[in-house]
Amino acid sequence: MAASSRAQVLDLYRVMLRESGKFTSYNYRTYAIRRIREAFRENKNVKDSAQIQMLVNKAKRNLEIIRRQVPWYSWMSQLHPTLVGQHSLLNTILKSTVTTDLFKKGPAEHENPMSDWICI
């Protein structure tokens, strides 16, 4: 691996770890850091420059995902702390009284589901 390519990979590794450390949830933070370390360890012996570039591009895409998710999870944890980290967020929403009432009633009984909601 060329020196510039090595420096680029190490810089990307550090940035990914730093960004993952910003997750407010301990579980998300430790999972992201563990996965980053595992992925870089798995590929530390790759010598092919084309494959290295492909892996660097993949890591950059993952870094952008982390950068998008960190503020979202922070916002969600402030909004409703018990829902963050649970895989049943969609189930919780679907089981709420508003949505279950909408699904129980047929279209003829409830033509405009938004009419019951208060809009400010």
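Okay, so let's go over this structure. Every chain is numbered on its own, with residues counted from 1 as its sequence reads. Local features in this predicted model are restricted to residues of pLDDT 70 or higher, and side-chain atom pairs are both shown and tallied only at a pLDDT of 80 or more, whereas totals for entire chains, interfaces and linings draw on every residue. Neither water nor hydrogens contribute to the side-chain values; these are computed over all heavy atoms in the structure.

Here, a salt bridge means any side-chain nitrogen of Lys or Arg that lies within 4 Å of a carboxyl oxygen of Asp or Glu. Summed over all chains, the structure comprises 5 salt bridges. We note a salt bridge from K22 to E19, for which the minimum N-O separation is 3.1 Å. Each residue is placed in one exposure class: buried if its accessible area under a 1.4 Å probe, protein chains only, is under 20% of its type's maximum, exposed if it is over 50%, and partly exposed if it falls in between. Classification of K22 by relative accessible area gives partly exposed; the value is 45%. E19 is paired through a salt bridge with R67; the nearest N and O atoms lie 3.9 Å apart.

Before going further, it helps to examine helix 1 (residues 3–20). To qualify as a helix, a DSSP run of H or I must reach at least 4 residues; to qualify as a strand, a run of E must reach at least 2; elements of each kind are numbered from the N terminus. Each helix should span, by expectation, one fewer than its residue count multiplied by 1.5 Å. The first and last C-alpha atoms of helix 1 sit 26 Å apart over 18 residues, in line with the 26 Å expected at 1.5 Å per residue. If you check which residues of helix 1 are buried, you get S5, V9, L12, V15, M16, L17, E19 and S20.

Glancing now at the nonpolar core. What makes a nonpolar core is a set of buried Ala, Val, Leu, Ile, Met, Phe, Trp, Tyr and Cys residues whose side-chain atoms join them at distances within 4.5 Å. Formed by 16 residues in total, the largest nonpolar core has its most connected members in L12, M16, F23, I36, V56, L63 and I66. Of all elements in the fold, only helix 1, helix 2 (26–42) and helix 3 (49–79) reach the threshold of two or more residues within this core. Per element, the largest residue contribution to this core is 6 residues, and it comes from helix 3. Contacts: residue pairs with any heavy atoms within 4.5 Å of one another. Apart from the residues lying within four places of it in its own chain, the contact partners of V56 are Q8, V9 and L12.

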